[in-house]
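Fold and contact review
Listed here are the chains, written in short residue letters.
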Amino acid sequence: MKLDRKEILAALETISVAGEGKNMVESGAVQNVITFGDEVVVDLLLSTPALHIKKRAEVDIIKVIHEKVYEKAKVKVNIKVEAPEKPENPNLIRGKQIPGISNIIAVASGKGGVGKSTITANLAVSLAKMGFKVGVLDADIYGPSMPIMFDVENSKPISVEVDGKSKMQPVASYGVEILSIGFFTKPDQAVIWRGPMAAKALNQMIFDANWGELDFMLIDLPPGTGDIHLSIMQSLPITGAVVVSTPQAVALADAKKGVSMFMSESINVPVLGIIENMAYFTPEELPENKYYIFGKEGAKNLAEDLQVPLLGEVPLVQSIREAGDYGRPAALQTASVLEGVFENITRNVVQETVNRNETLPPTEAIKITTMAGCSAVKK
């Protein structure tokens, strides 16, 4: 059968381009269509490097040609990515770089209790196992968890001299450099600080510390979208953000707000993806069974709606909680299912970071001014 090019283009016009309000042909995404007998080649131009977006476009094209043109057509889709140049945003200014740190990843959640700190700790040790140099900044000022999760609750950073200046030396555990406000308070002492005081403490841990050479610095942010988040993004050029959520609607609603904060025009931090924690429960005696206690594929659906990658799903397993309480992250359990889960998620985080660095310019820190929040800065 000889395929008709006009018929194929008409079929492709039924596929919409998310966020543009146009179809693939009208938007210019379809660059060319070549037919030869029952074979068709579609050249597609996309503006995003995300693997799941490219895959979905390819699947949609093949499906619509089979359904509307010829069900036995041999379809090949060539995808080229060209990220559009973004105009300079007057709300952005260059942040103060930390010498020697290649990538700064913010780990956030819209709601507390979804396991954000647990995910951060396991990402950190997984990166270290892969051979990366890793640091963790525990920016959850009012509820620091990292000292317990890395079994360094009784440790204190020492002072070292670097280039004639006194610096804090982060505490090392499992190959990860760690700084937390928890090192400077008693275990039963509440941190009762206003925003400016908390921001000052964070700046000291960021800039007055001897972090050395790091491939990744993970920042464990507090829940929500508040003052600490703005202080961090004002101080540092964040490479990208990872948002953690559980599957239920209440958590997803707040996760959506977290993603929205990073993607807002005045913040403009790339979102590397979403991690679904407590995705399902598998009893130890029934390893093939999955019980979706908090709902099924909530984060997956949210990721698709927001057009960000789903980085992975972490099951609800008792040993993850026990490992965090004992100060030995679950990703260190050699040859276990959990080691594989966290390793896969970590590889996805690394890949999305590489994609982001190849296609987007370095992130710049924002300027926070008055109660209006993020406002324009004249350079």
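Residues numbered from 1 in each chain as written. Predicted model: local features only at pLDDT ≥ 70, side-chain atom pairs only at ≥ 80, totals over all residues. Heavy atoms only, no water.

Stated precisely, the cut-off is as follows: UniProt positions are given in the numbering used here, feature names are shortened, and annotations may be inferred rather than shown by experiment.
The name given to the protein in an unreviewed UniProt entry is Iron-sulfur cluster carrier protein, with Flavobacterium proteolyticum as the source organism. Quoted verbatim from the Subunit (unreviewed entry) field of UniProt, the annotation for the protein is "Homodimer." The protein has a UniProt comment under Function (unreviewed entry) that states "Binds and transfers iron-sulfur (Fe-S) clusters to target apoproteins. Can hydrolyze ATP."

Observations concerning the sheet that holds strand β12 (residues 214-220)
So the rule is basically this: Strand pairing requires that DSSP identify at least two bridges connecting the strands. Only runs of H or I of at least four residues qualify as helices and only runs of E of at least two qualify as strands under DSSP, and these elements are numbered from the N terminus. In this analysis, axes come from line fits to C-alpha atoms, helices being fitted only over the stretch in contact, and the angle between any two N-to-C directions falls in the range 0 to 180 degrees. Here, two residues are considered to be in contact whenever any of their heavy atoms come within 4.5 Å of each other.
Across the sheet, which stays open at both edges, the eight strands sit in the order β10-β11-β7-β12-β6-β13-β14-β15 with mixed pairing between neighbours. Of all the strands in the sheet, the pair left with one neighbour each is β10 (171-173) and β15 (310-316). The sheet shows a mean angle of 25° between the axes of neighbouring strands, taken without regard to direction. Where strand β14 (residues 271-281) and β15 come together, five bridges link them in parallel fashion. Residue pairing for β15: I274 is matched across the bridge by L310. Where helix α3 (residues 116-129) meets the sheet, its contacts fall on β6 (101-108), β7 (134-138), β11 (176-180), β12, β13 (240-245), β14 and β15, and the angle it forms with β12 comes to roughly 170°.

Remarks on the sheet that holds strand β4 (residues 39-46)
Overall, mixed pairing links the three strands, which are arranged β3-β4-β5 in an open sheet. The two strands at the open ends of the sheet, each matched to only one other strand, are β3 (30-36) and β5 (74-81). Pairwise comparison of adjacent strand axes, ignoring direction, gives a mean angle of 15° for this sheet. Taken together, the six bridges between β3 and β4 define a ladder with antiparallel strand orientation. Bridge pairing links N32 to D43 in β4. Taken strand by strand, helix α1 (residues 5-12) contacts β3 and β4, and its axis lies near 140° from that of β3.

Examining the packing of helix α7 (residues 249-263) against helix α8 (residues 298-306)
Where we set the bar: A clockwise turn of the near helix away from the far one marks a right-handed crossing, whereas an anticlockwise turn of less than a right angle marks a left-handed crossing. Amino acids are sorted into nonpolar (Ala, Val, Leu, Ile, Met, Phe, Trp, Tyr, Cys and Pro), charged (Asp, Glu, Lys and Arg) and polar (every other residue, Gly among them).
Where α7 contacts α8, the axes come no closer than 11 Å and their chain directions differ by 30°. As for how α7 packs across α8, the hand of that crossing is right-handed. The residues of α8 that touch α7, namely those facing L252, A255, K256, V259 and M263, are G298, A299, L302 and L306. Across the contact of α7 with α8, the residue classes tally to seven nonpolar, one polar and one charged.

Here's the deal with the environment of I274
Operational definition: Think of it in three bands: with a 1.4 Å probe and only protein chains considered, a residue is buried below 20% of the maximum accessible area for its type, exposed above 50%, and partly exposed in between.
Relative to the assigned elements, I274 resides in strand β14. Take I274: its relative accessible area is 0%, and that puts it in the buried class. Linking I274 and V308, residues 34 residues apart in sequence, is a C-alpha distance of 7.3 Å. With residues near it in sequence (within four places) discarded, I274 still touches V243, V259, A299, L302, A303, V308, P309, L310, L311 and G312.

Observations concerning the packing of α3 against helix α10 (residues 337-359)
Filter applied, for reference: Roughly parallel covers angles under 35 degrees, roughly antiparallel covers those over 145, roughly perpendicular covers 65 to 115, and oblique covers all other angles.
Packing of α3 against α10 leaves a shortest axis separation of 9 Å and a crossing angle of 80°. Relative to α10, the element α3 lies roughly perpendicular. Residues I119, N122, L123, S126, L127 and K129 of α3 form the contact with α10, whose participating residues are E339, F342, E343, I345, T346, V349 and V350. For the contact of α3 with α10, the residue count by class is seven nonpolar, three polar and three charged.

Brief notes about α7
Test applied: Helix span, as expected, comes to 1.5 Å for every residue beyond the first.
Between the first and last C-alpha of α7 there are 21 Å, a value that for 15 residues agrees with the 21 Å anticipated at 1.5 Å per step. Among the residues making up α7, those that are buried are A251, L252, D254, A255, G258, V259, M261 and F262.

Quick notes on the UniProt feature "binding site: ATP" (unreviewed entry) in the protein
Mapped onto this structure's residue numbering, the UniProt feature "binding site: ATP" (unreviewed entry) falls at G110, K111, G112, G113, V114, G115, K116 and S117. Overall, the relative accessible area of 17% leaves G110 in the buried class. On the secondary structure map, K111 appears in the loop between β6 and α3.

Digging into unusual backbone geometry
Even without glycine at this site, M278 takes up a positive phi of about 55°. Residue position: M278 is located in strand β14. Here the phi dihedral of Q307 falls at roughly 55°; this positive angle occurs in a residue that is not glycine. Topologically, Q307 is positioned in the loop between α8 and β15.

A word on the pattern of salt bridges
Should their charged atoms come close, side chains of opposite charge can pair. Worth spelling out the cut-off: Note on definitions: salt bridges are taken to be side-chain nitrogens of Lys or Arg within 4 Å of carboxyl oxygens of Asp or Glu.
Counted according to the given criterion, the structure contains eight salt bridges. Close ionic contact of E297 with K300 constitutes a salt bridge, the shortest N to O distance being 4.0 Å. On the basis of relative accessible area, E297 is assigned to the partly exposed category, the value being 29%. Overall, the relative accessible area of 32% leaves K300 in the partly exposed class.

Observations concerning the packing of aromatic side chains
Note the cut-off: Between 30 and 60 degrees the pair is tilted, below 30 it is stacked and above 60 it is edge-to-face, where a pair is any two Phe, Tyr or Trp rings, Trp via its six-membered ring, whose centres lie within 6.5 Å.
On inspection of all chains with the given rule, the structure shows three aromatic pairs. Centre to centre, the rings of F132 and F216 are 5.2 Å apart; their planes meet at 90°, and the pair counts as edge-to-face. Here F132 is found in the loop between α3 and β7, whereas its partner F216 is found in strand β12, with 84 residues between them in sequence. For F132, a relative accessible area of 28% corresponds to the partly exposed category.

Here we look at the pairing of strand β8 (residues 158-162)
Judged from the five bridges that link them, β8 and strand β9 (residues 165-169) form a sheet pairing that is antiparallel. Residue pairing across strands places E161 opposite S166, the latter belonging to β9. Counted along the chain from β8 to the antiparallel partner β9, the turn is two residues long, and its residue D163 has a positive phi close to 55°.

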